[in-house]
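Close look at the chain arrangement
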Amino acid sequence: MRVLGVDPGLRNMGWGVIEVDGSRISHVANGICHTAAGDLAARLLSLHAQLTGIVAQYAPDTAAVEQTFVNKDAVATLKLGQARAIALLVPAQAGLEVGEYAPNAVKKTVVGVGHADKRQIDHMVRLQLPGVRIAGPDAADALAIALCHAHHAQTAGRLAAAVRRAS
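First, a word on scope: everything that follows refers to the structure included in this document. (Residues numbered from 1 in each chain as written. Predicted model: local features only at pLDDT ≥ 70, side-chain atom pairs only at ≥ 80, totals over all residues. Heavy atoms only, no water.)

Thoughts on the overall build of the protein
The secondary structure content of the protein amounts to five helices and five strands. Taken against the 2.2 N^0.38 rule, which gives 15 Å for 167 residues, the C-alpha radius of gyration of the protein at 16 Å falls within 12% of a compact globule. With respect to the three principal axes, the spread of C-alpha positions in the protein is 55 × 35 × 30 Å. For the protein, the residues scored as buried account for 42% of the 167 residues in total. Restricting to contacts in the protein with at least 6 residues of sequence separation, those with at least 24 account for 60%. Accessible surface, the protein: about 8,700 Å² in total, of which carbon and sulfur atoms supply 57%. The average position of the 16 basic charges and that of the 13 acidic charges among the side chains of the protein differ by 4 Å. (Helix = DSSP H or I, 4+ residues; strand = E, 2+ residues; numbered from the N terminus. Rg over C-alpha atoms; globule rule 2.2 N^0.38 Å. Buried < 20%, exposed > 50% of the residue type's maximum accessible area, 1.4 Å probe, protein only. Contact = heavy atoms within 4.5 Å. Areas by Shrake-Rupley, 256 points an atom, 1.4 Å probe, with all protein chains shown as cover. Lys, Arg positive; Asp, Glu negative; His and termini not counted. Charge placed at Lys NZ, Arg CZ, Asp CG, Glu CD.)

Observations concerning the environment of H123
Checked against the element boundaries, H123 lands in helix α4 (residues 118-128). With a relative accessible area of 46%, H123 lands in the partly exposed category. Once the C-alpha coordinates of H123 and G112 are considered, the two residues, eleven residues apart in sequence, prove to be 12 Å apart.

Brief notes about the pairing of strand β1 (residues 2-7)
For β1, a buried count of five out of six residues is recorded, marking the element as mostly surrounded by other parts of the structure. Strand direction decides the pairing type here: β1 and strand β2 (residues 12-21), joined by six bridges, are antiparallel. Its bridge partner lying in β2, G5 is registered against G16. The antiparallel pairing of β1 with β2 creates a hairpin that spans four residues between the two strands. The sheet contact formed by β1 and strand β4 (residues 62-66) spans four bridges and is parallel. Its bridge partner lying in β4, L4 is registered against A63. (Pairing = 2+ DSSP bridges.)

Considerations on the environment of L147
Tracing the chain through its elements places L147 in helix α5 (residues 137-166). Spatially, the C-alpha atoms of L147 and Q128 are 8.7 Å apart, while their sequence positions differ by 19 residues. For L147, the contacting residues outside a window of four places in its chain are I18, I25, V110, V125, Q128 and L129.

Quick notes on the side chain of N30
Assignment of secondary structure puts N30 in strand β3 (residues 24-34). Reaching out from N30, the side chain makes a polar contact with the backbone oxygen of R133 at a distance of 3.0 Å. When neighbours within four sequence positions are excluded, N30 is seen to be in contact with W15, G16, V132, R133, I134, A135, A139 and L143. (Polar contact = N/O pair within 3.5 Å; in protein donor to acceptor, adjacent residues only side chain to side chain.)

Side note on the packing of helix α1 (residues 40-58) against helix α2 (residues 74-93)
Viewed as axis vectors pointing N to C, α1 and α2 meet at an angle of 35°, and their least axial separation amounts to 9 Å. Crossing handedness for the pair α1 and α2: right-handed. The segment α1 lies against α2, with L40, L44, L47, H48, L51, T52 and V55 engaging Q82, A83, I86, A87, L89, V90 and Q93. Its residues assigned to classes, the contact of α1 with α2 shows ten nonpolar, four polar and no charged. (Axes fitted to C-alpha atoms, helices over the stretch in contact; angles between N-to-C directions. Left-handed = near helix turned anticlockwise from the far one by under 90°. Nonpolar A, V, L, I, M, F, W, Y, C, P; charged D, E, K, R; others polar.)

Structure (structure tokens):
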């Protein structure tokens, strides 16, 4: 199973792709979609085009996106929500199921602590994907989201198999 993780952002949208084969997880690619300051519509279009190219190039089987947290700046939260919509739309257009995870759920799954900082996330991603070269903190977060989704998908698969066996 190939998993795309996306860390939404209007200026920097992190992405990471991992491959899951049973209990083996390996790094495929990661990076950051950048936009320049300016017209919001043009920035969203740029994110859409960049992420569409990533989905086409790496052909994931599933995707996961981090949920938006609300902060004190309502305008910034709204813009982040629009970038998040692009992160949800592109995989959906490709016919992928998209999982959504709260930031604390991602941190708890990958680090073991729901309030881990960026440095801890980066460290644990590097431990789980030995030799990985991470494009930046947003890409590390995206890889963590992909790892979280892979873990939850494996758990759901084991649960479904156990229910089938019990029936």
